[in-house]
Amino acid sequence: MDVHIARGGSWRCARALRADTAELLDLFLPWVATPGRLAIAQLGQSLDGRIATASGASHYINCLEARTHLHRLRALVDAVVVGVGTVNADDPQLTVRHVAGRNPVRVVLDPRARARADARLFHDGTAPTVHLVGVDLAPARAVLPERPARIGLACTDAGFDPAAVLEWLARAGCRRVLVEGGGLTVSRFVHAGAIDRLHLLVAPLLIGSGRPGLALPPIDTLDEALRPACRLFRCGEDTVFDLDLGRDAGLAQQD
Ligand SMILES: NC(=O)c1ccc[n+]([C@@H]2O[C@H](COP(=O)([O-])OP(=O)(O)OC[C@H]3O[C@@H](n4cnc5c(N)ncnc54)[C@H](OP(=O)(O)O)[C@@H]3O)[C@@H](O)[C@H]2O)c1
C-alpha cells in the first residue's frame with residue numbers, strides 16, 4: 001500500500017482504500033506520524049458514562065472491535081499505565097493480543113503499595129513491569145527494571161503528579177504512553193492537563209449505576225466545561241470519540 005504521509009498525519013494514496021482502512025489511517029496517523037512525546041488516555045464506557053458496575057465488573061462493556069482498538073493503542077505506545085484499583089479488580093495482562101505488535105512496558109500507580117501480590121502482570125514475564133510506589137516504600141530508580149520491581153516516586157497527599165510520572169517514563173525511554181484506566185487514574189491525568197488525546201469508547205449500553213468514568217472537580221456554569229476538538233469513528237457497535245485535549249487543556253489550567 002503506497003500511502004504518502006504529510007506532516008501532521010494527513011495522507012493520500014494513489015488507489016482507493018477500503019473504508020475501514022482509510023478510517024484507521026485517519027484515526028491514528030495524526031499522532032503516530034507526529035514525533036515527540038504523547039500521552040493518550042482511554043475509557044471504555046456505557047452511554048451513561050459508567051466504566052464498571054458497583055462491584056467492579058467491567059468485562060465487557062465494549063464490543064470486540066472496541067477491545068481490538070484498545071489493543072491497537074497498546075501496540076502503538078511504549079508504556080501503558082493503570083491505577084492499582086484496576087489491577088486489584090481486573091488482574092489485567094495489559095498485553096497486545098488482538099492485533100500484531102509489541103507489548104508495552106506496564107506501569108502500576110500504587111502509592112501505598114496495596115496491589116495484590118498475585119497479580120498476573122507481576123509474574124507472567126510477558127512485558128517489562130514497573131510498580132510505582134511512594135518513595136518511602138522503595139528506592140527511586142532512573143531506568144526500567146529487567147524484572148517487575150517496586151520503584152519509589154515522590155508522592156504528596158494528592159498522589160503522584162501525573163507530569164512527574166510521564167517525565168519519569170520519558171527519561172526511562174517511554175515517550176508514548178497510554179493511560180488505560182480506571183476512572184480515577186484517567187481523571188487525575190486529565191485534570192492535571194497531562195493528556196494529549198482521550199479516546200472514549202462508548203458502547204450502546206445503559207448500566208445506570210456503578211463506577212464513573214471521567215470525574216473532574218465540580219464547575220458552576222457550562223462555560224467552564226471542556227469542549228475539545230472531537231472526531232467520531234465507528235468501532236463495531238461502539239463509537240470512538242477521539243478528543244484532542246492538547247496538553248494544558250485540563251480544568252486546573254482554566255480561569
Ligand atoms: N472500562 C474501562 O475502560 C476500564 C479501564 C480500566 C479499569 N476499569 C474498571 O475500573 C475500575 C477501577 O477503576 P478505579 O477508578 O476505581 O481505580 P483506578 O483508577 O484503577 O485506580 C485508582 C487508584 O490508583 C492509584 N492512583 C491512580 N492515579 C494516581 C496518581 N496520580 N497518584 C497516586 N496514585 C494514583 C490510587 O491508589 P490509592 O487509593 O492507593 O491512593 C487510586 O485510588 C475497575 O472496576 C476496573 O474494572 C475499566
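First things first, this report covers the structure right here in the doc. Going along each chain's sequence as written, the residues are numbered from 1 onward. Restriction of local features to residues with pLDDT of at least 70 applies here, the model being predicted, together with a cutoff of 80 or more for giving and counting side-chain atom pairs; totals for whole chains, interfaces and linings are based on all residues. Calculated side-chain values reflect all of the structure's heavy atoms, with hydrogen atoms and water omitted.

Digging into the environment of Gly-159
- Only DSSP runs of H or I reaching four residues or more are called helices, and only runs of E reaching two or more are called strands; each is numbered from the N terminus. Tracing the backbone through its elements, the reader meets Gly-159 in the loop between β8 (149–153) and α4 (162–171).
- A sequence separation of 29 residues divides Gly-159 from Arg-188, and the C-alpha atoms of the two residues are 9.2 Å apart.

Details of the sheet that holds strand β10 (residues 197–203)
- Criterion used throughout: strands pair if DSSP finds at least two bridges between them. Reading across the sheet, the 9 strands line up as β8-β7-β6-β5-β9-β3-β10-β13-β12 and stay open at both edges, with mixed pairing between neighbours. This sheet does not close on itself; its edge strands, each paired only once, are β8 and β12 (229–235). In this sheet, neighbouring strand axes are inclined to one another by 25 degrees on average, regardless of whether the strands run parallel or antiparallel.
- Here β10 pairs with strand β13 (residues 238–244) via 6 bridges, running antiparallel. In the sheet register, Arg-197 faces β13, and the bridge partner there is Asp-244.
- Against the sheet, helix α1 (residues 19–32) makes contact with β3 (38–46), β9 (176–181), β10, β12 and β13, and its axis sits at roughly 140 degrees relative to β12, the strand it touches most.
- Sheet strands in contact with α4 are β3, β5 (79–83), β6 (105–109), β7 (129–134), β8 and β9, and its direction is about 125 degrees off that of β8. Lines fitted to the C-alpha atoms define the axes, with helices restricted to the stretch that makes contact. Angles between their N-to-C directions range from 0 to 180 degrees. Between two residues, a contact is recorded if the distance between any of their heavy atoms is within 4.5 Å.

A word on helix α5 (residues 183–191)
- When we look at burial in α5, the residues that qualify are Gly-183, Thr-185, Val-186, Ser-187, Phe-189 and Val-190.
- A positive backbone phi angle near 70 degrees is found at Gly-193, which sits one or two residues after α5. Only protein chains enter the calculation, and the probe is 1.4 Å; a residue is then buried if its accessible area is under 20% of its type maximum, exposed if over 50%, and partly exposed in between.

Regarding the pairing of β7
- The element β7 is extensively covered by neighbouring structure, given that 6 of its 6 residues are classed as buried.
- Summarising the sheet, β6 and β7 pair through 4 bridges and their orientation is parallel. Looking across to β7, one finds that Leu-109 is bridged to Leu-132.
- When β7 meets β8, the two strands line up parallel, connected through 5 bridges. Its bridge partner lying in β8, Val-130 is registered against Ala-149.

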